[in-house]
Amino acid sequence: MKQRPSFPARLDSVAPAAKPQTLLGATRVLTKPQTAAARHAPTPLASPTGVGLDSSAIRARMVQKLAEQGVDDAVVLDAMGRIERHRFVDSALVNQAYEDTSLPIGLGQTISKPNVVARMIALLREAPGLQGQPMGRVLEIGTGCGYQAAVLSLVAREVYSIERLRGLHDKARENLRPMRLPNVHVIFGDGMLGYPQGAPYSAIIAAAGGEAVPQAWIDQLAVGGRIVAPMQTVTGQQALVVIDKTSQGLQQSLLEAVHFVPLKSGIA
Ligand code: SAH
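Note that this is a predicted model, so its numbers are computed, not measured. (Residues numbered from 1 in each chain as written. Predicted model: local features only at pLDDT ≥ 70, side-chain atom pairs only at ≥ 80, totals over all residues. Heavy atoms only, no water.)

**Side note on the overall build of the protein chain**
Just so we agree on the cut-off: Where helices and strands are cited, they refer to DSSP runs of H or I of at least four residues and of E of at least two residues respectively, numbered from the N terminus. Here, residues are in contact when the closest pair of their heavy atoms is within 4.5 Å. Per-residue accessibility takes into account occlusion by the displayed protein chains alone, with areas from the Shrake-Rupley method and a 1.4 Å probe.
The number of helices and strands found in the protein chain is eight helices and eleven strands. Counting only contacts in the protein chain whose residues sit at least 6 apart along the sequence, the fraction spanning at least 24 positions is 60%. Total accessible area on the protein chain stands at roughly 12,500 Å², and carbon and sulfur atoms take up 53% of it.

Next comes the structure, spelled out in structure tokens:
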């Protein structure tokens, strides 16, 4: 069996309020035989604080769960294994950072569940127009804490991520700065208008759900590109919608029910 990283985890060097006992508790699962997903767990991005190495085993377990839940895109699993989700949540929530749950990030907003992040990015990568090529420019609506933008940075050439709440935009910048991801561009503004400066996009992904997909997103999508977004359905519930822009026109499909924060217009 492979050598495990030593513990106690040094997550406390980024998060003073973290309880090392609980983190140790979480390592118990690591005594089980490794699955293929865990064996192929990627090495984390270089981290200036050295925190990455210590949390990689916990993250490998998260990746293993994602694979068990049906995420079968190795590139997405690799990216999920490399981005340190604990860097994006409040220090008091660090212990839950690798659970498959959404968590509050302030101002009434939430970081999406890892499973939903992985699923939506995998859907983007399945766009027929991509034909297995890596994604070019991607627009994310709703930067939140910046986590999904960081994951996207590993699967797309350029990431433009827009947030309408100044407090979260600033937080995301702060969270992302030490990671030095030169292809991530965070923008403060109303994402309902898209971000024409980066258009056309090969993919647009929304982390907030409205009643319809704004026309601006469709206009800013390249032919062959795909939008994945939560949207309100006729029953008033939210579901994931996939829109492909083809040379013949738009193709829309409605997928599973989801629960995202509302898409709102204007900045605050
Ligand atoms: N992707 C984020 C999830 C953030 S939650 C992450 O990884 O943390 C969704 C975010 O969408 C919230 O921060 C909310 O403020 C933002 N949002 C809602 N409507 C928006 C709009 N019109 N433009 C930009 N951001 C918006």
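Structure shown, so let's carry the discussion forward.
**Description of the nonpolar core**
This is how it is decided: The term nonpolar core refers to a set of buried residues drawn from Ala, Val, Leu, Ile, Met, Phe, Trp, Tyr and Cys, joined through side-chain atoms within 4.5 Å. Between buried and exposed lies partly exposed: a residue is buried under 20% and exposed over 50% of the maximum accessible area for its type, with that area taken using a 1.4 Å probe on protein chains only.
In this structure, M80, F88, I121, M135 and Y147 are the most contacted members of the largest nonpolar core, which totals 55 residues. A total of eight residues in this core trace back to one element, the largest contributor, which is helix α5 (residues 114–125). Apart from the residues lying within four places of it in its own chain, the contact partners of Y147 are M62, M80, I83, R85, F88, I111 and V117. Of all hydrophobic cores here, the second largest spans 22 residues; its members include I187, Y195, L221 and L263.

**Digging into the environment of I204**
By the secondary structure assignment, I204 is in strand β6 (residues 201–206). For the pair I204 and L124, spaced 80 residues apart in sequence, the C-alpha separation works out to 8.1 Å. Residue contacts for I204: discarding those within four places in its chain leaves L124, L139, I141, W217, Q220, L221, R226, I227 and V228.

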